[in-house]
Amino acid sequence: MARVPYVTAHFDSLSDLNDYLFTCTIVRGEILFGIQRLPIGRRRQVLENQAINLFEELPCLAIPKEAADYYAPMKSYAEQQGTPLSENDLWIAATAMTLDAILVTADSDFQRVAGFGLQLEDWTN
């Protein structure tokens, strides 16, 4: 939600004809949880307003049942490698794969399951 210039520029360069930008239920929940944990005050209010604006702009898709077909082998692989991901990260990755979407993130943890065909982009640099 931070107005990082590279992210804003990339966002603005997207084409309505070729690009579909969305979030998923788990990402929305993580954002709202992060805000909820903050003490009541100006910073929290600013972030709540930014989240409201973000969620008005971005459709929020439910997790398709087929995501479980990606989730299970990715979780097993990550555990076998000794590098487990958080449950939420696994579901986010599985959702992106199910929808054949590019996961836009600066979180390098997702690299651990990129070998499953997860498409990743970091718009922060």
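Asks: Go over the layout of surface pockets, please, and point to the residues and values.
Replies: Counted as a void, the largest pocket has a volume near 1,600 Å³. F22, V27, L58, V104 and T105 are the residues nearest the centre of the largest pocket, which is lined by 47 residues in total. Elements with a contribution of two residues or more to the lining of the largest pocket: α1 (5–13), β1 (23–24), α2 (25–36), α3 (42–57), α5 (87–98), β3 (102–104) and β4 (119–121).

Asks: Break down the environment of Q80 for me, with residues and values.
Replies: By secondary structure assignment, the location of Q80 is in helix α4 (residues 67–80). Its relative accessible area of 62% is what places Q80 among the exposed residues. Considered as a pair, Q80 and A93 are 13 residues apart in the sequence and their alpha carbons are 18 Å apart.

Asks: Can you break down the nonpolar core residue by residue, with the values?
Replies: Counting residues in each nonpolar core, the largest one holds 17 residues, and the members touching the most others are M74, I92, A93, L103, F110, V113 and L118. At six residues, α5 tops the list of elements feeding residues into this core. In this structure, F110 is in contact with L85, D89, I92, A93, L103, T105, L118 and L120, ignoring residues within four places of it in sequence. Counting residues in each nonpolar core, the second largest holds five residues, with I35, L38, L47 and A51 among its members.

So, how was this worked out
Residue numbers here run from 1 along each chain, matching the order of that chain's written sequence. Predicted model: local features are reported for residues with pLDDT of at least 70 only, side-chain atom pairs are reported and counted for 80 or more only, and whole-chain, interface and lining totals are derived from all residues. Excluding hydrogens and water, the side-chain figures rest on all heavy atoms present in the structure. Grid spacing is 1 Å over the protein atoms alone, the probe is 1.4 Å, and a cavity is where that probe fits but cannot get out, while a pocket is an open set with protein on both sides within 12 Å along at least five of seven lines and lining residues have an atom within 4 Å of a point. Grid points are joined across faces, edges and corners, and a volume is the space filled by probe spheres set on the points. By definition, any uninterrupted DSSP run of H or I lasting at least four residues is a helix, any uninterrupted run of E lasting at least two residues is a strand, and each is numbered from the N terminus. For every residue, the accessible area (1.4 Å probe, protein chains only) is compared with the maximum for its type, and the residue is labelled buried under 20%, exposed over 50%, or partly exposed between those bounds. Definition used in this section: a nonpolar core is a set of buried Ala, Val, Leu, Ile, Met, Phe, Trp, Tyr and Cys residues joined via side-chain atoms within 4.5 Å. In what follows, residue pairs with any heavy atoms lying within 4.5 Å of each other are defined as contacts.

Keep in mind these values describe shape, not function.
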